[in-house]
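Reading the structure
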Amino acid sequence: MKRVILCVAILCLIFFNSSAQVESHEFGEIDKSDLEMTVYSADSGAAAVYLVDKGRAIFNETSFDMYLTQLVRIKILKEEGFKWADIKLDYLKGNGLSKLKAATYNLVDGKIVRTELGKRDWVDEKINDNLWSKKASLPDVKVGSIIEYTYTRRTGDFSSLPGWVFQTSIPVRYSEYEIDIPRYGDYQPMMKGYIRPAFIDNSGGKQHIVMKNVSALDNEPYVATMENFRSKIEFEIKAIDIPGYFKEVYMENWEAINDDLLKDEVFGKALEATGQIKKAYPDDKGWKNDEASLIDIYDFVRDHYEWDERGGLYMYKSPRETWGDKKASAPEINMTLVMFLRNAGISADPVILSTRAHGYLNTYVPIIRQFNRTIASATIEGKTYLMDATNKLRPYNILPTSCLNGQGLKITPTGPEWVDLSTNNEMDTEIITGNLWLNDDDILEGNMNVVFRGTAATRTKSAISELEEDDLKEIFEDFGGEIENVVFQRAKEAKDNLEAQYDFTKESNVSFLGNKIFLNPVLTKFIKENPFKLESRLYPVEFSAPILNTYMYNISIPEGFEVEELPQAHNMALPDSGGKYSYLSAVQGDKVQIVIRLSISKTQYLPEEYPALKEFFNQIIAKQEAQIVFKKKESKP
C-alpha cells in the first residue's frame with residue numbers, strides 16, 4: 001500500500017535558511033505590539049497562540065545528566081484560551097524544578113503591567129513513584145494578556161535524550177529547540193510531521209531547529225491518530241560507548257530484535273514452555289493441521305478467556321496461571337493461542353504491531369517501543385491467518401479495527417517477517433433492504449432488513465452487548481423515525497455476519513403539493529453531512545477497512561397515483577480504483593425499486609486524492625436527496 005512517509009530518519013541535517021532565522025528571546029522581554037494584538041493574523045479563529053516556545057537541552061559531562069530549560073510565552077486571544085494559564089510541569093522524583101519564574105502581562109493605560117506568580121502559589125502533586133508535577137494558575141489573566149514562564153529540569157541521563165514538540169492544538173509563532181548531543185552516545189534523530197523548519201543546524205555536536213508560523217494541529221475526521229502528523233523531533237539511542245568503562249548496542253536491526261524477543265523470558269521462552277498448556281489442551285479433540293482445527297482451536301481459547309483490556313507485547317503471567325483465572329491480557333491470550341496451534345501441528349507465530357491509536361510504524365528504525373500489541377499468526381497450506389482472540393463475539397478471520405494499521409512484525413525462529421495486517425481482507429459491509437409504503441395517515445411506513453458483515457458485524461455486536469433489550473433500537477438511532485419490533489439474529493454468536501429486522505414509521509421524507517407526492521426513498525443514509533470541509537488537507541484520509549454497502553428500497557406506488565418522475569441513474573468513480581457509487585431506479589409493476597451500491601475500496605487516501613474524495617462525498621449527499629414524484633391519475637371520463 002502506498003503510504004505517506006511521515007517519520008523520516010535524519011542522517012545528516014543541513015541549513016534550510018540562514019542563522020538570521022534564529023531569534024533572541026529572554027524572560028520578561030515583552031513586545032508592546034504583542035499585547036496590542038487582538039487577532040493572530042495567521043489563524044483568526046485561534047483562542048491563544050504560542051508567541052515563543054523555546055527549549056535548550058544541555059549535557060552535564062560530570063554527572064552524565066541531561067537538563068532542559070524552557071521558555072514559554074502565550075498570548076490569550078479569547079476566553080477559551082484561559083486554560084493555557086493553568087500550568088502543569090512534570091519533573092522526576094528527587095529533582096525539582098529550578099530557575100522557575102512565571103508572570104502575566106497586561107496593557108494598562110498604554111503601559112505594560114507585570115504580575116508575577118509567587119513561589120507559594122505552586123502546588124506539588126505526586127503522579128507515580130517516579131514522577132511529580134508542579135501546578136499553578138497564573139494571576140490576572142484576561143483576554144489580551146500574555147502569560148510567560150520558564151524553568152529548568154533534569155530529564156534523565158544521556159541514554160534518553162529529550163525530544164521537542166513544535167506543533168500543538170493552538171498555533172505557534174516561534175518554536176526553537178537546541179540540544180547538545182552527548183559524545184558518548186550514537187543517536188537516531190527522527191523528525192515527524194509536515195512543517196518545514198525555518199532553520200536547522202547539526203554542527204558542533206548539537207541539533208538546533210527553528211520552526212515559524214506553525215499551524216495548530218486540529219483533529220480531522222477519518223484519522224487513526226493525529227499524533228502521526230504532529231511536527232516534533234525525537235531521539236532514539238543506537239549505542240553507548242564510554243571508553244574504558246562501558247559499551248552497549250541498543251539498536252541494531254530487526255533480526256537482533258527478533259532474536260532478543262525469542263530469548264526473552266516473557267516472550268519467546270514463554271512460548272517454548274509447552275507444558276504450561278498440557279492440562280488445558282483437550283487431546284480428545286483430535287485437532288490437526290487444517291483450517292477446521294484452526295477455527296476450533298481459536299474458538300476454544302477465545303471462549304475460555306475474558307480479556308482484561310490490557311494490551312502490550314509480553315506474557316507476564318503464564319498460561320497455567322491465566323487459564324485458571326480465565327482472565328488475561330491480549331498478549332497472554334494470543335500467545336496461548338499460538339501454543340495451542342503449535343501443539344496441534346499448525347505453524348503459528350506471534351505478530352507484534354502498533355495499534356491505530358499508537359501510531360504508524362517506522363520500518364526503517366528498529367526499536368521495540370514502536371509496538372504495543374501482540375496477535376497470533378498461523379499458516380496452513382500457504383494461507384496465512386491473523387487472529388486476535390480477545391473478543392468473544394469476533395470470529396477467527398477478523399482482527400480488531402484498532403489492529404488494522406499497516407504492517408506487523410512476525411517473530412519466528414528463522415528470522416523476522418513483515419506481515420500485511422490486512423491479510424484477512426476485512427471488509428466493513430452493510431446490506432440494507434427496505435419495503436416502504438404510505439399508510440392511511442399519509443405517513444411512510446415499512447420494514448427494514450439489515451445485514452452486517454465483517455468489521456461492521458463485530459462492531460455492532462459489541463454495541464448490542466452493552467444495551468438492554470428495550471434499548472436495542474438505539475443501534476439505528478440515525479434512522480430518524482419511529483422504530484419498533486427490533487429483532488437481531490446471531491447477535492451473541494461469533495460469526496462474521498449479523499442480521500436485523502425492524503418496523504418503522506417516518507414523517508419526514510415525504511411531502512404533498514397539489515395532486516403530487518414527493519418522496520425521498522433513501523431512508524438510511526451513508527452520511528448526512530460531508531466530514532471533509534477543508535479546501536485542501538495536509539493529512540491522508542484513513543478508513544480502518546474498505547467499505548462495501550448496498551441499499552435496496554421497494555416503494556409501493558400509492559393507490560390512485562402513478563410515477564411522474566424517477567431519480568436519474570447516477571454512476572461515479574474515484575480515480576485509481578479508489579471507489580464507486582451507483583444509483584439506479586426503475587418501476588417494477590406496482591413498485592418503484594431503488595438500488596444503491598457504494599464501495600470505498602482503499603483504507604488510505606493521500607492529500608492529493610482529497611479533492612476527489614471530498615467531491616465524491618458531496619455527490620453522494622446530493623444524490624441521497626433525490627425524490628420520486630408521484631402524480632394523481634386522471635379520472636377516466
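Placed above this text is the structure.
This is a predicted model, so every value here is computed, not measured. (Residues numbered from 1 in each chain as written. Predicted model: local features only at pLDDT ≥ 70, side-chain atom pairs only at ≥ 80, totals over all residues. Heavy atoms only, no water.)

1. A word on the overall build of the protein chain
- A tally of helices and strands in the protein chain yields 8 helices and 37 strands.
- Projected onto its principal axes, the C-alpha coordinates of the protein chain cover approximately 105 × 80 × 45 Å.
- If you take every contact in the protein chain between residues at least 6 apart in sequence, the share linking residues at least 24 apart comes to 72%.
- Here the protein chain displays about 31000 Å² of accessible surface, and carbon together with sulfur accounts for 47% of that area.
- Taking the 76 positively charged and 96 negatively charged side chains of the protein chain as two groups, their mean positions are separated by 3 Å. (Helix = DSSP H or I, 4+ residues; strand = E, 2+ residues; numbered from the N terminus. Contact = heavy atoms within 4.5 Å. Areas by Shrake-Rupley, 256 points an atom, 1.4 Å probe, with all protein chains shown as cover. Lys, Arg positive; Asp, Glu negative; His and termini not counted. Charge placed at Lys NZ, Arg CZ, Asp CG, Glu CD.)

2. Description of the pattern of salt bridges
- For the structure shown, the criterion picks out 37 salt bridges.
- For the salt bridge of Asp140 with Lys142, the shortest nitrogen-to-oxygen distance reads 3.7 Å.
- Overall, Asp140 belongs to the partly exposed group, its relative accessible area being 39%.
- For Lys142, a relative accessible area of 42% gives the class partly exposed.
- Among the ionic pairs, Lys525 bridges to Glu625, the shortest N-O distance being 3.9 Å. Taken together, the residues Lys525 in the loop between strand S29 (516-519) and strand S30 (541-542) and Glu625 in the loop between helix H8 (610-623) and strand S37 (628-632) connect sequence positions 100 residues apart.
- The network of salt bridges with common partners includes Lys192, Glu227, Arg230, Lys232 and Glu234. (Salt bridge = Lys/Arg side-chain N within 4 Å of Asp/Glu carboxyl O. Buried < 20%, exposed > 50% of the residue type's maximum accessible area, 1.4 Å probe, protein only.)

3. Some details on the packing of helix H4 (residues 291-304) against helix H6 (residues 330-343)
- Contact geometry for H4 and H6: axes closest at 10 Å, N-to-C directions at 140°. Put simply, H4 runs oblique to H6. Once H4 is placed against H6, the crossing between them reads as right-handed. Here Leu294, Ile297, Tyr298, Phe300 and Val301 of H4 lie close against H6, whose contacting residues are Ile333, Leu337, Phe340 and Leu341.
- Split by residue class, the contact of H4 with H6 holds 9 nonpolar, no polar and no charged. (Axes fitted to C-alpha atoms, helices over the stretch in contact; angles between N-to-C directions. Parallel < 35°, antiparallel > 145°, perpendicular 65-115°, else oblique. Left-handed = near helix turned anticlockwise from the far one by under 90°. Nonpolar A, V, L, I, M, F, W, Y, C, P; charged D, E, K, R; others polar.)

4. Topic: a nonpolar patch on the surface
- A contiguous nonpolar patch, built from Tyr245, Phe246 and Tyr250 and spanning about 390 Å² of accessible area, is present on the exposed surface.
- With respect to the secondary-structure elements, Phe246 resides in strand S16 (residues 246-249).
- Residue Phe246 is classed as partly exposed on the basis of its relative accessible area, which comes to 37%. (Patch = residues over 30% accessible without salt bridge, like charges linked within 9 Å, V, L, I, M, F, W, Y side chains within 5 Å.)

5. A closer look at a negative patch on the surface
- Together, Glu252, Glu255, Asp259 and Asp260 make up a region of like negative charge exposed at the surface.
- Positionally, Asp260 belongs in helix H2 (residues 254-263).

6. Quick notes on the sheet that holds strand S31 (residues 547-556)
- Taken together, 8 strands build an open sheet; the order of strands is S26-S27-S25-S24-S31-S35-S34-S33 and the sheet is mixed. Each having just a single partner strand, strand S26 (482-489) and strand S33 (570-574) make up the two edges of the open sheet. Taken pair by pair, the neighbouring strands of this sheet meet at an average axis angle of 10°, ignoring direction.
- Inspection of the sheet shows S26 paired to strand S27 (residues 497-506) by 6 bridges, in the antiparallel sense. Its bridge partner lying in S27, Val487 is registered against Gln501.
- The sheet strands contacting helix H7 (residues 455-465) are strand S24 (428-438), strand S25 (444-454), S26 and S27, and the helix crosses S25 at an angle near 110°.
- Where H8 meets the sheet, it contacts S33, strand S34 (579-588) and strand S35 (591-600), and its direction lies at approximately 160° from that of S33. (Pairing = 2+ DSSP bridges.)

7. Some points on empty space enclosed by the protein
- Inspection of the entire model under this criterion finds 1 cavity of 30 Å³ or more.
- Of the pockets and cavities examined, the largest cavity occupies roughly 50 Å³.
- In this structure, the largest cavity is lined by Val522, Thr524, Lys525, Phe526, Tyr551, Tyr581, Ile596, Leu598, Ile620 and Gln624. (1 Å grid on protein atoms, 1.4 Å probe; cavity = no way out; pocket = protein on both sides within 12 Å on 5 of 7 lines; lining within 4 Å. Points joined across faces, edges and corners; volume = space filled by probe spheres on them.)

8. Considering H8
- With 14 residues, H8 should cover 20 Å at 1.5 Å per step; its first-to-last C-alpha distance of 20 Å lies within 8% of that length.
- Within the sequence span of H8, burial applies to Tyr610, Leu613, Lys614, Phe616, Phe617, Ile620, Ile621 and Lys623.
- Where H8 is buried, its residues meet S30, S33, S34, S35 and strand S36 (604-605). (Expected span 1.5 Å × (residues − 1).)

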